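Here's the letter readout for the chains.
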Amino acid sequence: MAARTRANDTRNITSIKSSALEKKSPQQVISRNGGLAWAQNSLSIEISDELLAGVFSDRSSSVNGSFISVLHTLTPLAHSRKAPSMAVAAKSRTVVEPFAQFDLSAHSHSPVQSVALATLSDAQTLVYLGTQSGTLVLLQVVASSDAPPPSSLGDGSRGIPQPRQLGGGSVSFLRSVAITRESSVDSVHVLAEIGKVLVLSDGSLFLIDSLLAQPAKKIPAFKGISAVARRFRAGGATGGSDLSDYSVNASDNPSAGSRFLQKLGSGIRANGVKVKEAEQSGQQPEGSYIFAIVIGKRLVIADFSAISESLVVLREMQCVEGVKAMVWLDDLIMVGTVSGYILYSCITGQSGVIFSLPDVSSSPRLKLLWKEWKVLLLVDNVGVIVDSYGQPAGGSLVFRRGLESVAEVSSYVTVVKDGKMDIYHKKSGSCIQTLPFAAEGVGPCFAADEENANGNLVVVASPSKVFCYRKVPSEEQIKDLLRKKSFNEAISLVEELESEGEMSKDMLSFVHAQVGFLLLFDLRFELAVNHFLQSEIMQPSEVFPFIMRDPNRWSLLVPRNRYWGLHPPPAPLEDVVDNGLAIIQRAIFLRKAGVETSVDHNFLLSPPNRADLLEAAIKSMIRYLEVSRKKDLTSSVKEGVDTLLMYLYRALNSVDKMEELASSENSCIVEELENLLDDSGHLRTLAFLYASKGMSSKALAIWRVLARNYSSSIWRDSASDNELQHRSSNTLNARETAASEASTILEKSSDQNLVLQHFGWIADINQVLAVKVLTSEKREKQLSPSEVLAAIDLKKVEIRQRYLQWLIEDQDSDDTHFHTMYAISLAKSSLESYARESMYGEQDVGSTVEKSAYDSGTHSIFESPVRERLQIFLESSDLYDPMQVLELIENSEFWLEKAILYRKLGQETLVLQILALKLEDSEAAEQYCAEIGRPDAYMQLLDMYLDPQDGKEPMFKAAVRLLHNHGESLDPLQVLETLSPEMPLQLASDTILRMLRARLHHHRQGQIVHNLSRAVDLDAKLAILEERSRNVQINDESLCDSCQARLGTKLFAMYPDDTVVCYKCFRRQGESTSVSGRDFKRDVLIKPGLKRIIISSYISVLV
């Protein structure tokens, strides 16, 4: 019902409806980040669309927007009801520290009623204290004891007693002046830019200079003032002469009534707002300070003129009675009464209730938050942050002890109550710090802050003393948290400061690195590396001293950055672990004695093992260096990272990691690692490292030693057969690996001596790898073939053959010596293979096992049989000496090879005898006759079939096949004479008949072609005759197709495309190019008759 009563008293509050919610048990409302508010009932308040419409209108009196119907709902508990217990507060830290204090008892016996500050410089601040007896006291706060007082005080200042110093600052008394005799000073407003102070006392306003050098001057025409508020704009701007833009200007269309009122000198009232004539005329008063003044039920907006030192009324509007507090931000004025908080628009004069207060509640308070330009509404022990429109803009703050006064410092709100000052974080709502300054029950205390976003000073006044506090620098707060080992809180603070723009991103990286080092010395290595990785400014070289003792190669690279000096100097991980364990043991002893320490509680309950800690430390360092390798580092730092990473891998015996790093592209320093790896037996890693650095000779030497040691290690001790077989298999794999790695190096090497030096032992292990070494295309300069062939062991026949094959086929060598050498080598291998096959073929089945074992031990590098390769090479190459090969296989059964060689030598008869009689390959024999290309070759072959000699039977089927395939090219008479009388008639009759028919067919086909040729010749002659008889008629009207001149009796020419030109144009264009641009030499013109001749000729050719 209280809300309805106020609505009746306030005409501009429209459509206010109250409805009681269902009665429930007390429930939490406005809860965020630990802040709690409690309510029993809530009031739903609707505000008409006309409320504050001028704020959203385009500087017009018309309403063209709507305001949010419900701004906020809050009804806290009465004083008699205690708030529930708070949630667990965050860890405390030092946000503000005592700066100085001052005893007022020597200068004023009246309790303080109000406080205000004026900042002169970073080291000098003025404090104004208004007392209940009407006296205004001026104090000076300086940052150091030797700071001089303001020079403008002059010689007339009173003697200043020795100030009380605390924390490096001082507070001194300057002056005091009586404002009124019996009434208290309710509020003080400092106008620092013009050196004036506006004081509210006894319902009137008084003006006095900022140093209180002159008596106070009462501003007339204002009495019964209950509250005063200066206008502030978001961003720090003050004043506001633009209020005239929103005024109702009746001079544009004055009515008779308005003209009459203007003559009387009164203002014009529109929508409940009284506008003065000065504003109606468009003239603004001088000055830049605008105040809202509450006088009874009137809200007066006045501009302070620095010239006349007076307030000029700009407009008036209706207001509620009993205003206790007021804040003016932008175009909206918030007032607080015992009934609730109300929002007024200085543009339209309209108002609306933000929320109502219960019947029993403390006096309303409003606090402008300079940093965010928002307003803190206080109800009992609850604070609600709202924006300039009265809408909630943040979480609620619950003050555990209630409050008497409130101030702001940076991102915190300070609350004073019962001789203690609590520091609350605005966003989280947590109580960060509590500072007692007086005994409980000391009386009302008041707090004030600097009226700017960067203020660091807070002044608290008790009835008889003044206490000054300054904000601890952010770095000091962070240091304090780190000393307390509150690492997460420190990082959160830095992130918060970085998001608010108060701290750079580099500072965040700096703190991450500092936290990492502190965690490292606390033996929490994984967390330490996590913070190291989040630091963008930390250099990998900063962890080098933890891995290798100083002095070393990289000692000068380590930045001498001790950060804030919160951790010991860097030391090897072994020392860090040992010192950490000693601290833990000492902490356990102190704990038994009842002394608390900062050692991790888990370590105290279960002390860690040194080996486990050292392993965890090494693994964490490895993780950090592995990530650092991917960053853009200088060459020297890269060398340190990779080399020390290898040290750490070696410490954990991570062989796979060591070999992976050594075989990849790396910046390791070989001199730092070779002794370490050699002494520890990690020869494979050392070999990989040598190879990656181009030290091929050393790498190959190691692989050779490893291959030899692998082969001899089987017989070092006695073992069972199974063990021996398993070990033998592993040894073979290891030898293969050594040979493979060595071959990989040699394939890229152009050092012929080095290749030939290590080629032999690789060939003993794997011939395929040896061939790869010799035939590699990866080297820049190829090896000398003669040197290679001389270095190949004569027993390594297949390697020699494969190398010769590579020279001939891949390198296109035309050296006859290499071709002959290859052919002879293949022939010898073929003869040996043939002999082995013949030998095993004659033995019993039991010898098959021996043959299989022999074959499996040869490890042939060729897929095809050697004789097949011999036949292919003899057939394809023409650069070898056939006689040398023939002498080698003369007495063998290699008839096909002999045939190939005889053909190379031109022995046609011998070739036919071998193909037809020895190999009985009729198809090959006929093909060879076709290659010869003479008809007598077929007759010679036919004679061989019919008379094979050496007691062999005639080969009638082969002879019939020959006559069937090639009989048409043979003379029938010669064939009949050659045929043997013993040949069966049924075999010869078909063949002879076919021969005769073929001869008749060829004869008739020749006659047809002859007649067709004669017809084509006749057609060609007729076409030529037609072309030669073609003519053109020229008369007087005929024109040249090129220059369009009349031809008349001029000489002319006609092209094949029937275009006619004069002789002059003919000479210019030439014989082959017509007027149309067609070149008859390139683009031949075929006439219909000629086309027919060409087609006929083509048909005759086909026939």
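Note that the coordinates shown come from a computational prediction; the quantities given were computed from them, not determined experimentally.

Conventions we followed
Residues numbered from 1 in each chain as written. Predicted model: local features only at pLDDT ≥ 70, side-chain atom pairs only at ≥ 80, totals over all residues. Heavy atoms only, no water. Helix = DSSP H or I, 4+ residues; strand = E, 2+ residues; numbered from the N terminus. Buried < 20%, exposed > 50% of the residue type's maximum accessible area, 1.4 Å probe, protein only. Contact = heavy atoms within 4.5 Å. Areas by Shrake-Rupley, 256 points an atom, 1.4 Å probe, with all protein chains shown as cover. Salt bridge = Lys/Arg side-chain N within 4 Å of Asp/Glu carboxyl O. Pairing = 2+ DSSP bridges. Polar contact = N/O pair within 3.5 Å; in protein donor to acceptor, adjacent residues only side chain to side chain. Axes fitted to C-alpha atoms, helices over the stretch in contact; angles between N-to-C directions. Parallel < 35°, antiparallel > 145°, perpendicular 65-115°, else oblique. Nonpolar A, V, L, I, M, F, W, Y, C, P; charged D, E, K, R; others polar. Left-handed = near helix turned anticlockwise from the far one by under 90°.

Caption draft 1: Region of the structure containing the overall build of the chain. Of regular secondary structure, the chain possesses 35 helices and 35 strands. Taken across its 1103 residues, the chain has 46% of its residues classed as buried. Within the chain, counting contacts between residues at least 6 apart in sequence, those at least 24 apart form 57% of the total. By element, 49% of the accessible surface of the chain is carried by carbon and sulfur atoms, the whole surface being about 55700 Å².

Caption draft 2: Focus on the pattern of salt bridges. What the rule picks out here adds up to 36 salt bridges. We note a salt bridge from Glu-875 to Arg-903, for which the minimum N-O separation is 2.1 Å. Taken as a pair, Glu-875 in helix H25 (residues 866–876) and Arg-903 in helix H27 (residues 895–905) lie far apart in primary sequence, 28 residues in all. One salt bridge connects Asp-936 with Arg-934, and the closest N-O pair in it is separated by 3.1 Å. In this structure Arg-934 comes out as partly exposed when scored by relative accessible area, which is 36%. What you see here is one network of salt bridges that share partners, running through Lys-196, Lys-217 and Glu-309.

Caption draft 3: Focus on the sheet that holds strand E9 (residues 185–191). Here four strands make up an open sheet; going across it, the order is E9-E10-E11-E12 and the pairing antiparallel. Of all the strands in the sheet, the pair left with one neighbour each is E9 and strand E12 (217–218). For strand E10 (residues 196–201) and strand E11 (residues 204–209), the ladder comprises six bridges, and the chain directions are antiparallel. Across the sheet, residue Leu-198 finds its bridge partner in E11, namely Leu-207.

Caption draft 4: Quick look at the side chain of Ser-405. The topology assignment puts Ser-405 in strand E27 (residues 405–409). Under the relative-accessibility criterion, Ser-405 is labelled buried at 9%. From its side chain, Ser-405 meets the backbone nitrogen of Ala-447 in a polar contact 2.9 Å long. Those residues in contact with Ser-405, other than ones at most four positions away along the chain, are Thr-414, Val-415, Val-416, Cys-445, Phe-446 and Ala-447.

Caption draft 5: Geometry of the sheet that holds E27. Judged by pairing direction, the sheet is antiparallel, and its four strands sit side by side in the order E27-E28-E29-E30 without closing on themselves. Of all the strands in the sheet, just E27 and strand E30 (431–436) have a single pairing partner and so form its edges. Direction aside, neighbouring strands of the sheet carry axes that sit 20° apart on average. Across six bridges, the pairing between strand E28 (residues 412–417) and strand E29 (residues 420–425) is antiparallel. Bridge pairing links Val-416 to Met-421 in E29.

Caption draft 6: Seen up close, the packing of helix H6 (residues 487–499) against helix H7 (residues 505–521). Here H6 crosses H7 at 175°, and the two axes come no closer than 9 Å. By the angle class used here, H6 and H7 are roughly antiparallel. For the pair H6 and H7, contact is made by Phe-487, Ile-491, Val-494, Glu-495 and Glu-498 and by Lys-505, Met-507, Leu-508, Val-511, His-512, Val-515, Leu-518 and Leu-519, respectively. Considered class by class, the residues forming the contact of H6 with H7 number nine nonpolar, one polar and three charged.

Caption draft 7: A look at the environment of Val-190. Tracing the backbone through its elements, the reader meets Val-190 in strand E9. Sequence separation between Val-190 and Asp-209 is 19 residues; the distance between their C-alpha atoms is 9.5 Å. Leave out the neighbours within four places in its chain, and Val-190 touches Ala-116, Leu-117, Ala-118, Tyr-128, Lys-196 and Arg-230.

Caption draft 8: Inspection of the packing of helix H30 (residues 935–946) against helix H31 (residues 956–966) at higher detail. The N-to-C vectors of H30 and H31 enclose an angle of 160°; their axes lie 8 Å apart at closest approach. As judged from the angle between their axes, H30 and H31 are roughly antiparallel. In this structure, H30 crosses over H31, and the sense of that crossing is left-handed. The segment H30 lies against H31, with Tyr-938, Leu-941, Leu-942, Tyr-945 and Leu-946 engaging Phe-956, Ala-958, Ala-959, Leu-962, Leu-963 and His-966. Split into classes, the residues belonging to the contact of H30 with H31 amount to 10 nonpolar, one polar and no charged.

Caption draft 9: Spotlight on unusual backbone geometry. Asp-550 connects to Pro-551 through a cis peptide bond whose omega is -5°. Among the structural elements, Pro-551 can be located in the loop between helix H9 (544–547) and helix H10 (573–592). Here the phi dihedral of Asp-202 falls at roughly 55°; this positive angle occurs in a residue that is not glycine. Mapping Asp-202 onto the fold places it in the loop between E10 and E11. A relative accessible area of 52% places Asp-202 in the exposed class. One non-glycine residue, Gln-1044, lies in positive phi territory at about 65°.

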